[in-house]
Amino acid sequence: MATESPEPPILLVVDLQRGLVEGDPEWGPRSTPNLIENVKHLLQTWRSKNWPILHIQHDAFNEPKNPINAAYPETFAIHKSAAPEGDEKVFVKHTGSAFFAEGLPEAIKSYGHRKIVVIGMDGLQCINSTVRQGDDLGYKIFVVVDACASYGMENYEGKNVGAENTHNAAMWMLAPYAKITTTEKVLKDLGY
């Protein structure tokens, strides 16, 4: 297992794209009403400290009607609340885990072994995949639950369990793999 460095943490911004943040009305409501404000706050905090920020976009190229398919530039685009600034790098992935994005593993390694703070969407899918793989790779992962969001899902009985219930379950399933925290507590949890 890799050792930790006292270096500042990496903020990994996963799939905060217009098509997910604003969502298709057919998906129903999104969880986390304060998502946009919390994302902006965390990005401002990392930028003010000159800490590393890495952005991920999901290109659902094998799903022609998915709004986060690059064929739809308006909804594929990173949401304005999470738009990269300066030399912040953007990586494109085609699977659930951000660690499969071409160039991301090398970019993370270029910073040395640091803690990784994950924010983004969708909590049930890509956030879960990213966090679990990051843990498998030996990284110390922190998930900011109120800077992540999910849409509702149907349970095994075909009943919609709602966005907030889905999100809460998705986030707490990650507890064995990451430190679960909030926008307010993340810096303290990181030791700052």
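Here's a quick rundown of the structure. (Residues numbered from 1 in each chain as written. Predicted model: local features only at pLDDT ≥ 70, side-chain atom pairs only at ≥ 80, totals over all residues. Heavy atoms only, no water.)

**Concerning the overall build of the chain**
Move 1: On a plain count of helices and strands, the chain comes out with seven helices and six strands.
Move 2: For 192 residues, the compact-globule estimate of 2.2 N^0.38 gives 16 Å, and the chain sits close to it at 16 Å.
Move 3: Expressed along its principal axes, the backbone C-alpha trace of the chain runs to roughly 45 × 30 × 30 Å.
Move 4: Taken over 192 residues, the chain has a buried fraction of 48%.
Move 5: Sequence-distant contacts, at least 24 apart, represent 76% of the contacts inside the chain between residues at least 6 apart.
Move 6: On the chain, roughly 9700 Å² of surface is accessible, and the fraction owed to carbon and sulfur atoms is 51%.
Move 7: One way to put it: in the chain the 18 positive side-chain charges average out to a point 6 Å from where the 24 negative ones average out. (Helix = DSSP H or I, 4+ residues; strand = E, 2+ residues; numbered from the N terminus. Rg over C-alpha atoms; globule rule 2.2 N^0.38 Å. Buried < 20%, exposed > 50% of the residue type's maximum accessible area, 1.4 Å probe, protein only. Contact = heavy atoms within 4.5 Å. Areas by Shrake-Rupley, 256 points an atom, 1.4 Å probe, with all protein chains shown as cover. Lys, Arg positive; Asp, Glu negative; His and termini not counted. Charge placed at Lys NZ, Arg CZ, Asp CG, Glu CD.)

**What about the packing of helix H5 (residues 123-136) against helix H6 (residues 163-172)?**
Move 1: The N-to-C vectors of H5 and H6 enclose an angle of 10 degrees; their axes lie 9 Å apart at closest approach. Comparing the axis directions of H5 and H6 gives the class roughly parallel. Of H6, the residues touching H5 (which contributes Gly123, Leu124, Ile127 and Asn128) are Thr166, Ala170 and Met171. (Axes fitted to C-alpha atoms, helices over the stretch in contact; angles between N-to-C directions. Parallel < 35°, antiparallel > 145°, perpendicular 65-115°, else oblique.)

**Details of the packing of aromatic side chains**
Move 1: Per the counting criterion, the structure on display carries four aromatic pairs.
Move 2: Ring centres of tryptophan 51 and tyrosine 192 lie 4.8 Å apart, and the angle between their planes is 50 degrees; this geometry places the pair in the tilted category. Placement of tryptophan 51 in the loop between helix H2 (35-48) and strand E2 (53-58) and of tyrosine 192 in the segment after helix H7 (186-190) is noted, with a sequence separation of 141 residues between them.
Move 3: Tyrosine 192 gets classed as partly exposed once you look at its relative accessible area, which sits at 46%.
Move 4: Look at phenylalanine 99 and tyrosine 139: their rings are 5.8 Å apart centre to centre, the planes differ by 15 degrees, and that puts the pair in the stacked class. Of this pair, phenylalanine 99 sits in the loop between strand E3 (89-93) and helix H4 (104-110) while tyrosine 139 is found in the loop between H5 and strand E5 (141-149), placing the two residues 40 residues apart along the sequence.
Move 5: Overall, tyrosine 139 belongs to the buried group, its relative accessible area being 10%.
Move 6: Aromatic ring contacts, followed pair by pair, group Trp46, Trp51 and Tyr192 into a single cluster. (Phe/Tyr/Trp six-rings, centres within 6.5 Å; stacked < 30°, edge-to-face > 60°.)

**Some details on the nonpolar core**
Move 1: Leu12, Leu104, Ile116, Ile127 and Val143 are the most contacted members of the largest nonpolar core, which totals 27 residues.
Move 2: Every element with two or more residues in this core is listed here: strand E1 (10-14), E2, H4, strand E4 (116-121), H5, E5 and H6.
Move 3: If one sorts the elements of this core by residue count, E5 sits on top with four residues.
Move 4: Setting aside residues no more than four positions away along its own chain, isoleucine 127 makes contact with Val14, Val118, Ile119, Gly120, Met121, Asp122, Val143, Cys148, Met171 and Leu174.
Move 5: Ile53, Ile68, Ala82 and Met121 belong to the second largest nonpolar core, which has 26 residues in total. (Core = buried A, V, L, I, M, F, W, Y, C linked by side-chain atoms within 4.5 Å.)

**Considering the pattern of salt bridges**
Move 1: Scanning all chains against the criterion turns up five salt bridges.
Move 2: Residue lysine 93 is joined to aspartate 15 by a salt bridge in which the shortest nitrogen-to-oxygen separation is 2.9 Å. Placement of the pair is lysine 93 in strand E3 and aspartate 15 in the loop between E1 and helix H1 (18-21), with a sequence separation of 78 residues.
Move 3: A salt bridge links lysine 159 to glutamate 157, with the shortest nitrogen-to-oxygen separation between them at 3.7 Å. (Salt bridge = Lys/Arg side-chain N within 4 Å of Asp/Glu carboxyl O.)

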